[in-house]
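# Summary of structural features
Chain by chain, the residues run as shown.
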Amino acid sequence: MMAERTADTREGNPRAGTGQALARKWRPRRFEELVGQEHVVRALTNALRQNRLHHAWLLTGTRGVGKTTLARIMAKALNCETGITATPCGVCSACTEIDAGRFVDLLELDAASNTQVDNMRELLERALYAPTSGRFKVYIIDEVHMLSRSAFSAMLKTLEEPPAHVKFILATTDPQKVPVTVLSRCLQFNLKQIPAPEIHARLAQILEAEGVAFESAALNLIARAAQGSLRDGLSLLDQAISHGAGRVDEKSVRAMLGTVDQSYLISILDALGRRDGARMLAIADEMQARSLDFEVALQELAALLHRIALCQTIPDATAADDAERASLMSLAGALAPEDVQLYYQIAVQGRSDLPLAPDEYAGFTMPLLRMLAFAPEGSAPRASRAAGPSAAPSSAPAGRTGAAPNALPGTTAPSPAGDLMLETGPQPAAWRRLVAGLKLGGMACMLAEHSELASWDGQRLQLVVPEAHRHLLEKPYRERLQAALEAHYQRKLRLEFTLGAMNGNTPAEQQDQERQARQRRAIEAIEGDPFVRELVESFDARVADDSIRPLESGESRQAGG
């Protein structure tokens, strides 16, 4: 049961008691009030204190993270009557007029609705005149990427040779669409998405100031639903206060957001850990009877699995006062870490597949059945296993259904103990097929493709890497390759690398040899073609070998350039 928290309206708080929307009422007015953007605030405050002012700044980031708010605080910092400062007073005429949106030397333009060159030319013509009452004329152009090409061209001249009294603050959610000629003339700051815990803390602070009763679990739901946008979080909080008749509790917020009661999902994972398929389907039936949204349920299930994985790897990541901590830690002990990773992927994929399912019930229960199908056969819950990196091979989980087709040719299929031995010496073709089946990308994949199999005794895998590819032996790449191999064999392995001479048997070299062989056959086929031979003999023509490309679809058909 979540503890309820209440607070009285703070005495003397100028924002308390007004009828504005929370997102407007609690818009930060000073740098220190901005949430989650310390890196940008630090850079700008240092520049203001040292009076090292650029003529144009570009603020980028997703919606609701503080771009326009930061631009307005900058306008106050530049025009405060106390002087250029990182701590504008907030009470002088310039500060109060900027806060009220009526400062004559602050011009805000929404580029999304003013895309044409005429609007930009009119704005820039006004920039030539000195400020009316402030120190600088400040132009805030929101969603600047929406300007037309001609409008950007008109702006570029002013950005190249700006009047000393003009400052531009550009904001955009899509900097890729801003011409590089404009980007190069601006100082760019990227505002990050705000982490859910920081949104939660800010919402709690505001509710305490507003004197609204709330439950911490309800704010957790709103913070996650905000997806990094504090403005969205405040809008949802406004809605939650109305929905809950003046209080913010978990039950009403769940109903408002359409989120699924975590107890259902926790029960499903508990039944999954005990391999109780009947119980899992019974819970799904109960959820259907209550008309719960199965798409949201899959999303919440994936989020729950993510939190369990965090508990398994970083237990301190879950707050001690989290109401679900006990359940999370219990599931973290009952489910093997590799199973949690698999279940997460199944839940995420199930959500993508939901629109293609016969109905939502089938779309929700099929991933649950898939989790059961891919669970280790005959294994007990994790708490009763002899699990862990130091466990002996005989206590490792059994092979998963479907794992044997990926085993190295010339090897035995995984036994219940997970043991696997090569019956013969190293097999380059087999190593190549295994590498192709591993879920690897980037540099770890390159490491595997440029490694030659030296020996394999069922526990220790030795690979040789040529000197030219020494740079691939960085620790992160080796660890990712080892993790992929251990996931394939479902047990701990010893992976060793040596630098040395090669026999031309790495997967990359084999692929290159095959390409060269296909190219030779293609050239021979073209040169042997009667029509081509006639052209060569009759017109003294020559076949350009480098223009011939073999068709990948088959070797009986060859193509010439």
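Just so it is clear, the model here is predicted, and its values are computed rather than measured.

## Some points on the packing of aromatic side chains
Here the structure, examined in full by the defined rule, presents three aromatic pairs. Plain terms: the ring middles of F294 and F364 are 4.7 Å apart, the flat faces sit at 20 degrees to each other, and that makes the pair stacked. Of this pair, F294 sits in helix α14 (residues 294-313) while F364 sits in helix α17 (residues 360-373); the two residues are 70 residues apart in sequence, bridging distant segments of the chain. Neither residue differs from the other here; F294 and F364 are each classed as buried. These aromatic residues form a ring-pair network of at least three members: F294, Y361 and F364.

## What to know about unusual backbone geometry
You will see that E143, though not glycine, has its phi angle at about 50 degrees, which is positive. Its place among the elements puts E143 in the loop between β4 (137-142) and α6 (149-160). By relative accessible area, E143 is classed as buried at 19%. One non-glycine residue with positive phi stands out, namely R275, at about 55 degrees. Within the element layout of this structure, R275 appears in the loop between α12 (262-273) and α13 (277-289).

## Observations regarding the confidence of the model for the protein
For the protein, the average pLDDT comes to 78, and 81% of its residues sit at 70 or higher. The element-level mean pLDDT for the protein is lowest in strand β1 (residues 4-5), coming to 37, with helix α3 (residues 67-79) highest at 92. Taken as a whole, residues 1-14 scores under 50 in pLDDT and shows 30 contacts with residues more than four places along the chain or in a different chain. Low pLDDT, under 50, characterises residues 405-425; the predicted model gives this stretch 48 contacts beyond four residues in sequence or across chains.

## Here we look at helix α2 (residues 38-49)
Between its first and last C-alpha atoms α2 spans 16 Å; for 12 residues at 1.5 Å apiece the expected length is 16 Å, and the two agree. Three or more residues of α2 are buried, namely V40, V41, L44, T45, A47 and L48. Down the axis of α2, the buried side of the element spans an arc of 160 degrees, and every buried residue falls inside it. Opposite the buried face of α2, at more than 90 degrees from it, the exposed residues are R42 and R49. A positive phi of about 55 degrees marks N51, the residue just after α2.

## What about the side chain of T172?
Mapped onto the elements, T172 comes out in strand β5 (residues 166-172). Within the structure, T172 has its side chain in polar contact with the backbone nitrogen of D174 (distance 2.9 Å). When neighbours within four sequence positions are excluded, T172 is seen to be in contact with L58, L59, T60, G61, K67, E143, V144, H145 and V178.

## Structural notes on the pattern of salt bridges
According to the stated counting rule, one finds 20 salt bridges in the structure shown. For K157, the salt bridge identified is with E161, shortest N-O distance 3.9 Å. For E161, a relative accessible area of 55% gives the class exposed. For D270, the salt bridge identified is with R274, shortest N-O distance 2.9 Å. Accessibility expressed as a relative area gives 36% for D270, which makes it partly exposed.

## Examining the sheet that holds strand β2 (residues 56-60)
On the basis of which strands lie adjacent, the open sheet formed by five strands has the order β3-β4-β5-β2-β6 and parallel pairing. In this open sheet, the two strands that pair with only one neighbour each are β3 (106-110) and β6 (187-190). The sheet shows a mean angle of 15 degrees between the axes of neighbouring strands, direction not considered.

## Thoughts on the sheet that holds strand β9 (residues 452-456)
Each strand in a sheet pairs with its neighbour through backbone hydrogen bonds, running either in the same direction (parallel) or in the opposite one (antiparallel). The strand order across the open sheet built from three strands is β9-β10-β11, with neighbouring strands paired in mixed fashion. With one partner strand each, in any of the chains shown, β9 and β11 (494-499) form the two edges of the open sheet. If you compare each strand with its neighbour and ignore which way they point, the axes differ by 25 degrees on average. Where β9 and strand β10 (residues 460-465) come together, four bridges link them in antiparallel fashion. Bridging across to β10, W456 finds its partner in L461.

## Comments concerning the nonpolar core
One finds L269, M287, L301, L305, I308, F364 and M371 to be the most contacted residues of the largest nonpolar core, which totals 35 residues. Sorting the residues of this core by element identifies α12, α13, α14, α15 (325-334), α16 (337-353) and α17 as the ones contributing at least two each. Top element by residues in this core is α14. It accounts for 11 residues. Among the nonpolar cores identified, the runner-up in size contains 30 residues, and V40, A86, F103 and L191 belong to it.

## Some words on the pairing of β5
Remark: a regular strand shows side chains that alternate across the two faces of the sheet. When you tally the buried positions in β5, you get seven out of seven residues, the bulk of the element. Of the two faces of β5, the one lined by V166, F168, L170 and T172 and the one lined by K167, I169 and A171 are each fully buried. Pairing analysis gives five bridges linking β2 to β5, with the strands arranged parallel. Within β5, the residue paired with W57 across the bridge is I169.

## A word on α15
For α15, the complete set of buried residues consists of L328, L331 and A332. Within α15, the buried residues cover an arc of 105 degrees as seen down the axis, which keeps them to one side. In this structure, α15 carries A326 and S330 as exposed residues pointing more than 90 degrees from its buried face. Tucked inside the fold, the buried residues of α15 contact α12 and α14.

## Side note on the packing of helix α10 (residues 230-243) against helix α11 (residues 250-257)
Two numbers describe how α10 lies on α11: the axes approach to 10 Å, and their chain directions differ by 115 degrees. α10 and α11 meet at a crossing whose hand is right-handed. Contacts between α10 and α11 pair L236, Q239, A240 and H243 from the former with S252, V253, A255, M256 and L257 from the latter. Class assignment for the residues of the contact of α10 with α11 results in six nonpolar, three polar and no charged.

## Observations regarding the packing of helix α18 (residues 428-437) against helix α21 (residues 507-528)
At a closest axis distance of 9 Å, the pairing of α18 and α21 adopts a crossing angle of 105 degrees. When the interaxial angle is binned, α18 and α21 end up roughly perpendicular. Of α21, the residues touching α18 (which contributes P428, A429, W431, R432 and V435) are P507, Q510, Q511 and E514. Counted by class, the contact of α18 with α21 contains five nonpolar, two polar and two charged residues.

About the cut-offs
Residues numbered from 1 in each chain as written. Predicted model: local features only at pLDDT ≥ 70, side-chain atom pairs only at ≥ 80, totals over all residues. Heavy atoms only, no water. Phe/Tyr/Trp six-rings, centres within 6.5 Å; stacked < 30°, edge-to-face > 60°. Helix = DSSP H or I, 4+ residues; strand = E, 2+ residues; numbered from the N terminus. Buried < 20%, exposed > 50% of the residue type's maximum accessible area, 1.4 Å probe, protein only. pLDDT = per-residue confidence, 0-100. Contact = heavy atoms within 4.5 Å. Expected span 1.5 Å × (residues − 1). Arc of directions from axis to C-beta. Polar contact = N/O pair within 3.5 Å; in protein donor to acceptor, adjacent residues only side chain to side chain. Salt bridge = Lys/Arg side-chain N within 4 Å of Asp/Glu carboxyl O. Pairing = 2+ DSSP bridges. Axes fitted to C-alpha atoms, helices over the stretch in contact; angles between N-to-C directions. Core = buried A, V, L, I, M, F, W, Y, C linked by side-chain atoms within 4.5 Å. Left-handed = near helix turned anticlockwise from the far one by under 90°. Nonpolar A, V, L, I, M, F, W, Y, C, P; charged D, E, K, R; others polar. Parallel < 35°, antiparallel > 145°, perpendicular 65-115°, else oblique.

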